[in-house]
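A structural walkthrough
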Amino acid sequence: MTKLYLGPVLSFRGGAEKGEWKVTALIAVSDKEAFPVIRLNGKAVSAPLILLRHGGKAYLRYDLSCKQTANERRVEYRIDGIEETWHFTVPAKGQAPRMAYVSCNGFSDPSGIRKLIKGADAVWEDLLCNHDKTVRPSDYRIDKEQLWHETRTHDKGLQRFHLLLMGGDQIYFDPIWEDIKPLKEWVNLPRSRQLAYKVNAALDKKIEDYYIAYYSDRWLQNSRAPWGTARKTLDSANGMARIPTVMMWDDHDIFDGWGSYSPEMQRCHLFQRLFYHARRAFWIFQMQQAADQLPELKLRSDIPMRIDDPIFEPAAWSQILKSDKLALPLLDNQPGFSFAFNIGPVGLLVADLRTERSYRQIMGPDTWRALQSWLGGISDGTGHLLFISSVPVMHPKLSLAETLMDNLGFEHVLDSSADDLKDHWTNDDHEGERKRLLETLFRTAKTKQLRITVLSGDVHVAAWGVVHRVDTECKDGCDQIQQLTSSAVVHPSLVSVMERIFCHMLNSIAKKKQTLDVNLSAEMMLFPGANRYVMPNRNWLALELDADARNSKLWASWRCETQTVFSNHLLAIEGFKQ
């Protein structure tokens, strides 16, 4: 028998523009035994790439890539020594992928599980029952919205989604401050001693071990039903094993609030060592790249440094990863992990908003150039671009709270509300960069004649926002960018008394339009099928084009958890009118 300590976790690697569907699978096994064989449609795949050896375990990446054909098809894979069969569905060549979007897959506070309406994995269960007919419990009842998809997918032996977009906080490292004793002691030190604190070799090893082991602890928990048993645990592990993922990190994948503390705190030795190990673990587990491929971040020496804006040397990713045919398509000449795909009529631009984040910066100049370069060369066949921003670009602006925080100060690693305000694109210190982003996207929409939609999470509510250009009367779609926010898939939504009061305040503030400048205005829209602007329910989002043409309509459907069932909230976004 093969014992898995992690996985399988599927990762989408691109290739659709060439008629390939590149997929990899991450697993962890003992490094004392022969590595297991994985079979794709009965045929053994090539030997795995070793991403990391650590603590007696080997973390392996297998190639499960397929050719796209004239029709979409479902493929099967198995791991020798495990009585389980998994499937994923490959779209037809040129087909627009059907996608699900989730964020916030964990708890910032372990006691948060007591706030849940249903079990921790209830939203994952709903997503998986929508996705794969074969995993549904016998007593599961499909509703009218799900029934509409049956004839198009499940009745043909297919699964509903080709891709699982995970927009941030795939794992919550917040417990590190309690679980490692020296860090728990550090939290209670006076600020001057916190800043002067040096991480010794023993503590550094504990931090490294923690970041690596925690992925296994949270992504394949011992308490779940083992693979191969009759009773299936419909959780994130099952979802990541059945749908190729596209992942980008946010703060909890490092620790809560990373990038939004004061410059002095961001530069202190402890924070830097935590970030070093979190970055390395993200590279291995979420990006499925070998540990020895990851270059170190180095500050640029040719730019006069502002103390609060880290400007790193750009990485020549095309050279660093040239020997890896399954490398993620990272944008070249940027220090972070932003990457992009062209998939039929759909483009995916996945932005790294954490590597270079500071008190007043979200992305550095080289990243901006890399994004603009990719947008300038986007495929002519792309009709709809999805820009994945872990933090909402449009959200109710909490100006009074920002002022209070600025005046009173905040610097505590266990105070999640303070850094959340600083994280927002709408924060006063990020408004200029938000305008740059929106102007870049509007220019792309006009010159490339495509529709752009922003996908975001982070805020533990579902919401719909729109930004308008007020200096144009375009009728083709280039004067409007919509944002779909889906959060959270596990983390509790706003359920306590104080959180409900906060939610009421959000809804009141959301009624007011935001004037960004003379050319741009933003507004929150009433949530589809509701009488409020933000929905304080755990949720996930389905994204499907109604045809494969570049000007197709995008259908977005939120599934929101209620006390009894899941409610459907449907939105249609028109394609670019030519």
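See the structure above.
Please read all numbers here as calculations on a predicted model, not as lab measurements.

Here we take up the overall build of the protein chain. Scanning the protein chain from terminus to terminus reveals 15 helices and 24 strands. A compact globule built from 578 residues should have a C-alpha radius of gyration of about 25 Å, and the protein chain, at 23 Å, falls within 12% of that. In terms of overall dimensions, the protein chain has a C-alpha envelope of 60 × 60 × 50 Å along the principal axes. For the protein chain, buried positions account for 61% of its 578 residues. For the protein chain, the exposed area adds up to about 22,500 Å²; of that, 51% sits on carbon and sulfur atoms. The averaged location of the 72 negative side-chain charges in the protein chain is 3 Å from the averaged location of its 72 positive side-chain charges.

Right, let's get into helix α9 (residues 269-285). With 17 residues, α9 should reach 24 Å at 1.5 Å per residue; the first-to-last C-alpha distance of 24 Å fits that figure. Most of α9 sits inside the fold, with 13 of its 17 residues counted as buried.

Ordered in space as β4-β3-β8-β9, the 4 strands form an open sheet in which the pairing is antiparallel. Of all the strands in the sheet, just β4 (43-44) and β9 (85-90) have a single pairing partner and so form its edges. Note that strand β8 (residues 73-79) and β9 share 6 bridges and pair antiparallel. Considered in β9, the bridge of Val75 is made with Phe88.

Among the surface-exposed residues, Val497, Met498 and Ile501 lie close enough to one another that they form a single nonpolar patch of about 340 Å² accessible area. If you trace the backbone, Val497 turns up in helix α15 (residues 497-510). Under the relative-accessibility criterion, Val497 is labelled exposed at 64%.

Once that is clear, we can look at the packing of aromatic side chains. Geometry of an aromatic ring pair is reported as the spacing of the ring centres plus the angle between the planes. Applying the stated criterion across every chain yields a total of 33 aromatic pairs. Here the aromatic rings of Trp249 and Phe275 are separated by 5.8 Å at their centres, their planes lie at 35°, and the arrangement is tilted. Residue Trp249 is located in the loop between β12 (245-247) and α8 (263-267), and its partner Phe275 is located in helix α9; the two are separated by 26 residues in the primary sequence. Neither Trp249 nor Phe275 differs from the other in exposure class; each is buried. Ring geometry for Trp258 against Phe271: centres 6.3 Å apart, planes inclined by 45°, an arrangement best described as tilted. With Trp258 in the loop between β12 and α8 and Phe271 in helix α9, this residue pair connects regions lying 13 residues apart in the sequence. Members of the aromatic cluster, each reached through a chain of ring pairs, are Trp177, Trp186, Trp249, Phe255, Trp258, Tyr261, Phe271, Phe275, Phe282, Trp283, Trp317 and Phe337. One residue, Arg224, lies across the ring of Trp227, its end atom 4.5 Å from the ring centre.

By secondary structure assignment, the location of Arg300 is in the loop between α9 and α10 (317-320). For Arg300, a relative accessible area of 16% puts it in the buried group. Separated by 2.7 Å, the side chains of Arg300 and Asp366 make a polar contact.

As a further point, take the nonpolar core. Of all hydrophobic cores here, the largest spans 130 residues; its most connected members are Leu64, Phe88, Leu165, Trp177, Phe285, Leu484 and Leu543. A per-element tally of this core places α9 first, with 10 residues. Leu331, Trp368, Phe387 and Val534 belong to the second largest nonpolar core, which has 45 residues in total.

Here the focus is the packing of helix α6 (residues 201-219) against α9. Closest axis-to-axis distance for the α6/α9 pair is 9 Å, and the angle between their directions is 40°. As far as their axial angle goes, α9 and α6 are oblique. Where α6 crosses over α9, the two elements pack in a sense that is right-handed. Of α9, the residues touching α6 (which contributes Asp204, Ile207, Glu208, Tyr211, Ile212, Tyr215 and Trp219) are Leu270, Arg273, Leu274, His277, Ala278, Arg280, Ala281, Phe282 and Phe285. Looking at the contact of α6 with α9, its residues break down into 11 nonpolar, 1 polar and 4 charged.

This brings us to the pattern of salt bridges. With the rule as written, the count across this model stands at 35 salt bridges. The residue Arg160 makes a salt bridge to Glu544 at a minimum N-O spacing of 2.9 Å. In this pair, Arg160 sits in the loop between α2 (144-150) and β11 (163-166) while Glu544 sits in strand β22 (residues 539-545), placing the two residues 384 residues apart along the sequence. Both residues of the pair, Arg160 and Glu544, belong to the buried class. Salt bridges sharing common partners tie together Arg74, Glu84, Asp132, Lys232 and Arg242.

The next subject is the environment of Pro314. Within the secondary structure, Pro314 is located in the loop between α9 and α10. Sequence separation between Pro314 and His277 is 37 residues, and the spatial gap between their C-alpha atoms is 20 Å. Residues in contact with Pro314, not counting those within four places in the same chain, are Arg300, Asn333, Gln334, Pro335 and Asp366.

Reading guide: rules and limits
- Residues numbered from 1 in each chain as written.
- Predicted model: local features only at pLDDT ≥ 70, side-chain atom pairs only at ≥ 80, totals over all residues.
- Heavy atoms only, no water.
- Helix = DSSP H or I, 4+ residues; strand = E, 2+ residues; numbered from the N terminus.
- Rg over C-alpha atoms; globule rule 2.2 N^0.38 Å.
- Buried < 20%, exposed > 50% of the residue type's maximum accessible area, 1.4 Å probe, protein only.
- Areas by Shrake-Rupley, 256 points an atom, 1.4 Å probe, with all protein chains shown as cover.
- Lys, Arg positive; Asp, Glu negative; His and termini not counted.
- Charge placed at Lys NZ, Arg CZ, Asp CG, Glu CD.
- Expected span 1.5 Å × (residues − 1).
- Pairing = 2+ DSSP bridges.
- Patch = residues over 30% accessible without salt bridge, like charges linked within 9 Å, V, L, I, M, F, W, Y side chains within 5 Å.
- Salt bridge = Lys/Arg side-chain N within 4 Å of Asp/Glu carboxyl O.
- Phe/Tyr/Trp six-rings, centres within 6.5 Å; stacked < 30°, edge-to-face > 60°.
- Lys NZ or Arg CZ within 6 Å of the ring centre and 35° of its normal.
- Polar contact = N/O pair within 3.5 Å; in protein donor to acceptor, adjacent residues only side chain to side chain.
- Core = buried A, V, L, I, M, F, W, Y, C linked by side-chain atoms within 4.5 Å.
- Axes fitted to C-alpha atoms, helices over the stretch in contact; angles between N-to-C directions.
- Parallel < 35°, antiparallel > 145°, perpendicular 65-115°, else oblique.
- Left-handed = near helix turned anticlockwise from the far one by under 90°.
- Contact = heavy atoms within 4.5 Å.
- Nonpolar A, V, L, I, M, F, W, Y, C, P; charged D, E, K, R; others polar.

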